[in-house]
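The lines below spell out each chain.
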Amino acid sequence: MAYRALTEQEAVEYVKELPGLFEKGATLTSHEIGDGNLNLVFHIKEEATGKSVIVKQALPYARVVGESWPLTLDRARIESEALRTQYKFVPDLVPQVYHFDQELALTVMEDLSDHILMRKGLIEGNRYPYFAKQIGRFLAHTLFFTSDLGAHPYEKKALVKTFVNPELCKITEDLVFTDPYENASTNNFNPLIKKEVEEIWKNKPLKLEIAKLKLDFLTRAEALLHGDLHTGSIFVTEQSTKVIDPEFAYYGPIGFDIGAVVANLILNYAGQHGLQSDRGKREEYREYLLTTVEDVWNEFVSQFVQLWHKQAKERSAHVEGLWQSYVNRLIQDTAGFAGCKILRRVIGLAGVADLNSIQDDQTRAEAERLALRIGQELILKRSSIEESTDITDIVRNVTTR
Ligand code: SR1
Ligand code: MG
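Residues numbered from 1 in each chain as written. Chains lettered and ligands numbered in written order. Predicted model: local features only at pLDDT ≥ 70, side-chain atom pairs only at ≥ 80, totals over all residues. Heavy atoms only, no water.

Details of the overall build of the chain
For step 1, the next point in the chain: When helices and strands are tallied, the chain shows 14 helices and 12 strands.
For step 2, the next point in the chain: Relative to a compact globule of 401 residues, whose C-alpha radius of gyration would be 21 Å, the chain shows 21 Å and is just as compact.
For step 3, the next point in the chain: Judged by the C-alpha coordinates and their principal axes, the chain covers about 65 × 55 × 40 Å.
For step 4, the next point in the chain: Among the 401 residues that make up the chain, the fraction classed as buried is 57%.
For step 5, the next point in the chain: Restricting the contact set of the chain to residue pairs at least 6 apart, pairs at least 24 apart contribute 72%. (Helix = DSSP H or I, 4+ residues; strand = E, 2+ residues; numbered from the N terminus. Rg over C-alpha atoms; globule rule 2.2 N^0.38 Å. Buried < 20%, exposed > 50% of the residue type's maximum accessible area, 1.4 Å probe, protein only. Contact = heavy atoms within 4.5 Å.)

Laid out in structure tokens, this is it:
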């Protein structure tokens, strides 16, 4: 079938034809529930049995902007292949793909509507006791087994080829690493923080560090990244974590994915300034978020190093001192990329609800200024970072200053 964007009814007709999902005569409901920046998402359910699936279809443009921003449909292929690749390593942490249609740029996958988006959960002030362990395992396993450490050299190169993703990478290159640091037309920030943003545009040492991080993003094909691992790409319940939406997947620096998780926990931390008015509760929740940052890194590193010792395929992996120097660089990358991802969500296109849902402009500006200060410190001080508490100490110190 030639490409066309499906209606709710057409999505129903489509899944009815697929073998093994629903009976031919089944009565199905369909609702388009996509609220992300890019795609259509249909929730299809058979009320009689409770059985349901998600149909996700890429539009030939970025939904957040409209048809004036054309965007490759190949991102649907990238996403379904990334989900299938990740499923091999962590089947309990990603949705199962039932079917992919290249022509329609459409994936039929497991419905996770018993979960909520983590960003929403954090804004509501919920806690997720298993999250750090689960996302740490997701990061360690997906990144290790697709890297030169855990994959056969031929397999790794084949994966690099499969996941060449130029258009989506270009969005990140522009929106994360370039536009926010100059007076670009895509920027979209609170006018009350104009002075602080202009200071960033003039800050040469900062811009140099961001340029170095951008070069790492452009050139360092370490592992298959999720590529957009913010808390809107993570579904949670109290017990379970599911990582969705890897349409930005490509071969890049490992710290970019870990940094995304760290950045989004810190963005919520900054947002607490306007989200939680009770001072005591705000401090308590902020400590929970920072402990989560530490636990995510510690869990990732412990599992990654364990895999390194037990399963590394690369012959030079066991040269004395290598894993320690690798991990030292990784935490510094993590801090640097986290800093960029914090700054872009405050200054650039596509902000986050953790800040944008603060109604009062003045209060929002205070939260945003805090986020800007933290982001800059993480980038500028990253070379002195050795452990996760060095990251959280930066956040605490900036907050109390
Ligand atoms: C036009 S896309 C804007 C942002 O949404 C995605 O989730 C990525 O973070 C991208 O940068
Ligand atoms: Mg997305």
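Moving on from the model shown.
Some remarks on empty space enclosed by the protein
A probe matching the size of a water molecule, rolled over the atoms, marks out where space remains unfilled.
For step 1, the next point in the chain: For the structure shown, the criterion picks out one cavity of 30 Å³ or more.
For step 2, the next point in the chain: Considered as a void within the structure, the largest cavity measures approximately 40 Å³ in volume.
For step 3, the next point in the chain: For the largest cavity, the full set of lining residues is Asn39, Lys56, Gln57, Ala58, Ala76, Glu79, Ala105, Thr107 and Glu247.
For step 4, the next point in the chain: Ranked by the residues each element gives to the lining of the largest cavity, the list is headed by strand E3 (residues 51-58), at three residues.
For step 5, the next point in the chain: Residue composition of the lining of the largest cavity, by class: three nonpolar, three polar and three charged. (1 Å grid on protein atoms, 1.4 Å probe; cavity = no way out; pocket = protein on both sides within 12 Å on 5 of 7 lines; lining within 4 Å. Points joined across faces, edges and corners; volume = space filled by probe spheres on them. Nonpolar A, V, L, I, M, F, W, Y, C, P; charged D, E, K, R; others polar.)

Some remarks on the pattern of salt bridges
For step 1, the next point in the chain: Applying the stated rule across the entire model yields 32 salt bridges.
For step 2, the next point in the chain: The closest approach of N and O atoms between Arg127 and Glu284, which form a salt bridge, is 3.8 Å. Of the two residues, Arg127 sits in the loop between helix H3 (118-123) and helix H4 (131-146) while Glu284 sits in helix H10 (residues 279-311), which places them 157 residues apart along the sequence.
For step 3, the next point in the chain: Residue classification places Arg127 among the partly exposed residues on the basis of a relative accessible area of 41%. (Salt bridge = Lys/Arg side-chain N within 4 Å of Asp/Glu carboxyl O.)

Some words on the packing of helix H9 (residues 254-275) against H10
For step 1, the next point in the chain: Look at H9 against H10: their axes get within 8 Å of each other, and the N-to-C directions meet at 170 degrees. If you check the angle between H9 and H10, you find them roughly antiparallel. Along its contact with H9, which presents Ile254, Ile258, Val261, Val262, Leu265, Ile266, Asn268, Tyr269, Ala270, Gln272 and His273, the element H10 presents Arg282, Tyr285, Arg286, Leu289, Leu290, Thr292, Val293, Val296, Trp297, Phe300 and Phe304.
For step 2, the next point in the chain: Its residues assigned to classes, the contact of H9 with H10 comprises 16 nonpolar, four polar and two charged. (Axes fitted to C-alpha atoms, helices over the stretch in contact; angles between N-to-C directions. Parallel < 35°, antiparallel > 145°, perpendicular 65-115°, else oblique.)

Quick look at the site of ligand 1
For step 1, the next point in the chain: Neighbouring ligand 1 are Asn37, Leu38, Val64, Trp69, Ile171, Leu175, Asp228, His230, Phe248, Arg344, Arg345 and Ala350.
For step 2, the next point in the chain: In this structure, an oxygen atom belonging to ligand 1 sits 2.6 Å away from a side-chain N or O atom of Asp228.
For step 3, the next point in the chain: Between ligand 1 and His230 there is a distance of 3.4 Å, counted from an oxygen atom to a side-chain nitrogen or oxygen.
For step 4, the next point in the chain: Among the secondary structure elements, those contributing two or more residues to the shell around ligand 1 are helix H6 (166-175) and helix H11 (322-347).
For step 5, the next point in the chain: The class makeup of the residues in the shell around ligand 1 is seven nonpolar, two polar and three charged.
For step 6, the next point in the chain: Two domains each provide a minimum of three residues to the shell around ligand 1, namely domain 1 (8-110) and domain 2 (116-400). (Near = heavy atom within 4 Å. Polar contact = N/O pair within 3.5 Å; in protein donor to acceptor, adjacent residues only side chain to side chain. Domains from an automatic or database assignment.)

Overview of the pairing of strand E5 (residues 66-70)
For step 1, the next point in the chain: Summarising the sheet, strand E4 (residues 61-62) and E5 pair through two bridges and their orientation is antiparallel. Its bridge partner lying in E5, Ala62 is registered against Gly66.
For step 2, the next point in the chain: Hairpin connection of E4 to E5: three residues between the antiparallel strands. (Pairing = 2+ DSSP bridges.)

A few points about the domain arrangement of the chain
Interfaces are often sized by the amount of accessible area the parts lose when they come together.
For step 1, the next point in the chain: What the domain assignment lists for the chain is domain 1 (8-110) and domain 2 (116-400).
For step 2, the next point in the chain: The C-alpha centroid of domain 2 is placed 27 Å from the C-alpha centroid of domain 1.
For step 3, the next point in the chain: On the domain 2 side, the residues contacting the 24 residues of domain 1 number 29 residues.
For step 4, the next point in the chain: Both sides together, the interface formed by domain 1 and domain 2 hides about 2,300 Å², and carbon and sulfur atoms give 65% of it.
For step 5, the next point in the chain: Of all residues in domain 1, Ile78, Phe89 and Leu93 give up the largest surface area on contact with domain 2, accounting jointly for 27% of the area buried on that side.
For step 6, the next point in the chain: For the pair domain 1 and domain 2, the number of links is three salt bridges.
For step 7, the next point in the chain: Between Asp92 and Arg137 there is a salt bridge; the shortest N-O distance is 2.7 Å.
For step 8, the next point in the chain: For the interface between domain 1 and domain 2, the tally reads eight residue pairs in polar contact (both at pLDDT 80 or more).
For step 9, the next point in the chain: Every element with two or more residues in the side of domain 1 that touches domain 2 is listed here: E5 and helix H2 (74-89).
For step 10, the next point in the chain: Here the side of domain 1 that touches domain 2 takes 10 residues from H2, the largest share from any one element.
For step 11, the next point in the chain: Here the side of domain 1 that touches domain 2 is composed, by residue class, of 12 nonpolar, five polar and seven charged. (Buried area = accessible area lost by both parts, 1.4 Å probe.)

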